[in-house]
Amino acid sequence: MAGEVSSGIYYGHGSIDTVNAPNSFTSSIYLKSSNGVLMFDEAWPYLEELNAEVIIQNGQVWVDSKQASIANTTLDNVKAYLPEGEESKANFIDISASSSITKELISYWLSESPISSNTKEIAEQLEVNNSVKVDIDLKVPVSKSNGESELPDVAYSIVTTIDDGAITHTHSKLSFEHVDGVVTVDSKAGVTAEDIQAELF
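Now for a description of the structure that goes with this document. (Residues numbered from 1 in each chain as written. Predicted model: local features only at pLDDT ≥ 70, side-chain atom pairs only at ≥ 80, totals over all residues. Heavy atoms only, no water.)

### Here's the deal with the overall build of the protein chain
Right, on to step 1. The secondary structure content of the protein chain amounts to 2 helices and 12 strands.
Right, on to step 2. The helix and strand sequence of the protein chain, counted from the amino end, reads β-β-β-β-β-β-β-α-α-β-β-β-β-β.
Right, on to step 3. Against the compact-globule benchmark of 17 Å for 201 residues, the protein chain has a radius of gyration of 21 Å, which places it well outside the compact range.
Right, on to step 4. Along the first, second and third principal axes, the C-alpha set of the protein chain runs to 75 × 40 × 30 Å.
Right, on to step 5. Relative to its full complement of 201 residues, the protein chain shows a buried share of 30%.
Right, on to step 6. Here the analysis covers contacts within the protein chain between residues at least 6 apart in sequence; of these, 47% occur between residues at least 24 apart.
Right, on to step 7. For the protein chain, the computed accessible surface area is about 12500 Å², with 50% contributed by carbon and sulfur atoms.
Right, on to step 8. Charged side chains in the protein chain number 11 positive and 31 negative. The centres of these two groups are separated by 2 Å. (Helix = DSSP H or I, 4+ residues; strand = E, 2+ residues; numbered from the N terminus. Rg over C-alpha atoms; globule rule 2.2 N^0.38 Å. Buried < 20%, exposed > 50% of the residue type's maximum accessible area, 1.4 Å probe, protein only. Contact = heavy atoms within 4.5 Å. Areas by Shrake-Rupley, 256 points an atom, 1.4 Å probe, with all protein chains shown as cover. Lys, Arg positive; Asp, Glu negative; His and termini not counted. Charge placed at Lys NZ, Arg CZ, Asp CG, Glu CD.)

And the structure:
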């Protein structure tokens, strides 16, 4: 993570004797940062424009930003959490955010982004003609467990809510209007849809 720190506070609480019981001292750091950049995986674009509050307590890290961007897509309510690592076990950063993605950016996310392995064929057949609301959850590996030769890929679950949408089937030129429903793109389960309703024209 990179950025500018505008203010910070360090807290220390506990015993400072030479001989201490385990976990008898807690260190905490609170930082306010601006123009932050979070680089979390080579295959993913950077998380940028983070104006965030960062809390570090012992081995745990919390990042909270009202807004940020990724691949020119504005994100709201960005939260990241890194739990304290355990020896021999894999550890992950959990990142969540929401967004309203314009129809111009939908093409990138379906055809060129890291999730396109699940969506590229859909993008070749369907054109989405309106913006959609998206909830994003990422699980970013930062360490591997015993027996793993390399870090696993970033896991993702992206839930898209379509409200009164418009979708065109590019080959037949059929138009679906007043589209409602929820579409989930998941790194393990692929693409699933629920409660889809539409009118065909």
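### Some remarks on the environment of L126
Right, on to step 1. With respect to the helices and strands, the residue L126 is situated in strand β8 (residues 126-128).
Right, on to step 2. Note: C-alpha distance between L126 and L105 (21 residues apart in sequence) is 14 Å.
Right, on to step 3. Excluding residues within four positions of it along the chain, L126 makes contact with I167, T168, H169 and T170.

### A look at the pairing of strand β7 (residues 91-101)
Right, on to step 1. With 4 bridges connecting them, strand β6 (residues 73-82) and β7 associate as antiparallel partners. Its bridge partner being in β7, K79 is matched across the sheet by S96. (Pairing = 2+ DSSP bridges.)

### Section: the packing of aromatic side chains
Right, on to step 1. Taken as a whole and assessed by the stated rule, the structure comprises 4 aromatic pairs.
Right, on to step 2. Measuring from ring centre to ring centre gives 6.1 Å for F40 and W44, while their planes differ by 45°; the resulting arrangement is tilted. For the residue pair F40 and W44, the accessibility class agrees, reading buried in each case.
Right, on to step 3. Their ring planes at 75° and their centres at 5.1 Å tell us that Y108 and W109 sit as a pair that is edge-to-face.
Right, on to step 4. Every member of this aromatic cluster is reached through a ring pair, and the members are F40, W44 and Y156. (Phe/Tyr/Trp six-rings, centres within 6.5 Å; stacked < 30°, edge-to-face > 60°.)

Fair warning: the whole summary comes from geometry, so function is off the table for now.
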